[in-house]
Amino acid sequence: MSETIIAAKAKVVAGISDQFKAAKSAVVVNYRGLTVAQVTELRKELRDAGVKMEVIKNTYLRRAADANGYEDLDAVFTGPTAIAFSNDDVVAPARIMAKYAKQFDALEVKGGIIEGKVASLDEINQLASLPDRDGMLSMLLSVLQAPVRNVAYAVKAVADSKEEEPAA
């Protein structure tokens with residue numbers, strides 16, 4: 001094999017390795033059996049969520065994963081493989097892929113990484129069941145507002161009861 005081909009392949013692996021380093025999460029899927037329209041719909045939703053999905057040769061994925069300490073992912077790099085990287089939202093790739101895996105029987109989630117650790121299919125499904133970032137923030141805000149709201153209700157109840165008491 002010529003030196004230029006080897007250098008080109010090393011450059012591709014280095015680029016994928018950089019994506020692994022930058023990603024907060026990545027989900028590996030088998031997409032065999034999806035129609036072009038289904039893949040287009042999936043890619044559009046991923047893109048809207050800031051997730052990048054690529055179809056990459058398994059040998060390149062193995063080498064890039066191994067370079068980043070994700071040797072446990074080697075087993076999932078078989079057959080037609082696509083990988084969805086997210087640099088911002090940890091939950092988005094898992095949530096979207098799990099949603100489409102339920103919708104389309106042909107899509108199979110195989111594994112991935114979550115915040116620098118190899119994740120099993122069960123862990124990805126658990127992550128997918130979490131609400132998105134906005135949902136989590138609204139839940140947190142609701143929890144933080146609850147004590148203040150309860151005090152306001154108590155003060156209002158006391159004020160209402162004072163108004164109802166006859167003047168002595």
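Since the model is a prediction, treat every value here as computed from it, not as a measurement.

Brief notes about helix α4 (residues 92-103)
Next, step 1: The end-to-end C-alpha separation of α4 is 16 Å, in line with the 16 Å expected for 12 residues at 1.5 Å each.
Next, step 2: All buried positions along α4 are accounted for by Ala 92, Pro 93, Ala 94, Ile 96, Met 97, Ala 98 and Tyr 100.
Next, step 3: Residues of α4 that are buried make contact with β1 (25-30), α2 (36-48), β2 (51-55), β3 (81-86), β4 (108-114) and α5 (121-128).

Structural notes on the environment of Val 55
Next, step 1: As for its placement among the helices and strands, Val 55 is situated in strand β2.
Next, step 2: When the C-alpha atoms of Val 55 and Gly 69 are compared, they prove to be 21 Å apart, with 14 residues separating the residues in sequence.
Next, step 3: Beyond its immediate sequence surroundings of up to four residues, Val 55 is in contact with Tyr 31, Arg 43, Thr 81 and Ala 82.

Things to note about the packing of aromatic side chains
Next, step 1: Going through the model one piece at a time under the given rule, you end up with 3 aromatic pairs.
Next, step 2: Ring centres of Phe 20 and Phe 85 lie 5.3 Å apart, and the angle between their planes is 85 degrees; this geometry places the pair in the edge-to-face category. Of this pair, Phe 20 sits in helix α1 (residues 3-22) while Phe 85 sits in strand β3, and the two are 65 residues apart along the sequence.
Next, step 3: On the basis of an interplanar angle of 35 degrees and a centroid distance of 5.6 Å, the ring pair of Tyr 100 and Phe 104 is categorised as tilted.
Next, step 4: Among the aromatic residues, those joined into a ring-pair cluster are Phe 20, Tyr 70 and Phe 85.
Next, step 5: The ring of Tyr 60 carries Lys 57 above its face, with NZ or CZ at 5.5 Å from the centroid.

Quick notes on unusual backbone geometry
Next, step 1: The backbone of Glu 115 sits at a positive phi, close to 45 degrees, despite the residue not being glycine.
Next, step 2: For Glu 115, the location among the structural elements is in the loop between β4 and β5 (117-119).
Next, step 3: A relative accessible area of 58% places Glu 115 in the exposed class.

Some thoughts on the packing of α1 against helix α3 (residues 58-67)
Axis angle and axis distance: for two packed helices, these are the angle between their axes and the distance between the axes, and together they describe the pair.
Next, step 1: It is at 8 Å that the axes of α1 and α3 come closest, and there the two elements cross at 55 degrees. Overall, the two elements α1 and α3 adopt an arrangement that is oblique. Judged by the sense of rotation from one axis to the other, the crossing of α1 with α3 is right-handed. Contacts between α1 and α3 involve Lys 9, Val 12, Val 13, Ile 16, Ser 17 and Phe 20 on the former and, on the latter, Tyr 60, Leu 61, Arg 63, Ala 64, Ala 65 and Ala 67.
Next, step 2: Among the residues making up the contact of α1 with α3, the classes are represented as 9 nonpolar, 1 polar and 2 charged.

Looking at the sheet that holds β5
Next, step 1: The sheet built from 5 strands is open, its strands ordered β2-β3-β1-β4-β5 with antiparallel pairing. Two strands in the sheet have a free side with no partner beyond their single neighbour: β2 and β5. With strand direction ignored, the average angle separating the axes of adjacent strands in the sheet is 20 degrees.
Next, step 2: Where β2 and β3 come together, 5 bridges link them in antiparallel fashion. Each residue of the ladder has a partner; that of Val 55, found in β3, is Ala 82.
Next, step 3: Sitting on the sheet, α5 is in contact with β1, β4 and β5, with an inclination near 80 degrees to β4.

Calculation criteria
- Counting restarts for each chain, with residues numbered from 1 along the sequence as it is written.
- With pLDDT at 70 or above as the cut-off, local features in this predicted model cover only qualifying residues; side-chain atom pairs require 80 or more to be listed or tallied, and sums for whole chains, interfaces and linings still use all residues.
- Note: side-chain values were computed over all heavy atoms of the structure, leaving out hydrogens and water.
- Numbered from the N terminus, helices here are DSSP runs of H or I no shorter than four residues, and strands are runs of E no shorter than two.
- Each residue after the first adds 1.5 Å to the expected span of a helix.
- Relative accessibility under 20% of the residue-type maximum defines a buried residue, over 50% an exposed one, and the middle range a partly exposed one, all with a 1.4 Å probe and only protein chains included.
- Contact definition: two residues touch when any of their heavy atoms are within 4.5 Å.
- Geometry of aromatic contacts follows a simple scheme: Phe, Tyr and Trp rings, the Trp one being its six-membered ring, pair when their centres are within 6.5 Å, and the pair is stacked under 30 degrees between planes, edge-to-face over 60, tilted otherwise.
- Our definition puts a charge over a ring when NZ of Lys or CZ of Arg is within 6 Å of the ring centre and also within 35 degrees of the ring normal.
- Where helices are involved, their axes are fitted lines through C-alpha atoms of the stretch in contact, as for all axes, and angles between N-to-C directions lie from 0 to 180°.
- Between 65 and 115 degrees an angle is taken as roughly perpendicular, under 35 as roughly parallel, over 145 as roughly antiparallel, and anywhere else as oblique.
- Note on convention: near helix rotated counterclockwise from far helix by under a right angle means a left-handed crossing. Clockwise means right-handed.
- Each residue receives one of three labels: charged for Asp, Glu, Lys and Arg, nonpolar for Ala, Val, Leu, Ile, Met, Phe, Trp, Tyr, Cys and Pro, and polar for the others, Gly being one of them.
- Pairing between two strands requires that DSSP report at least two bridges joining them.

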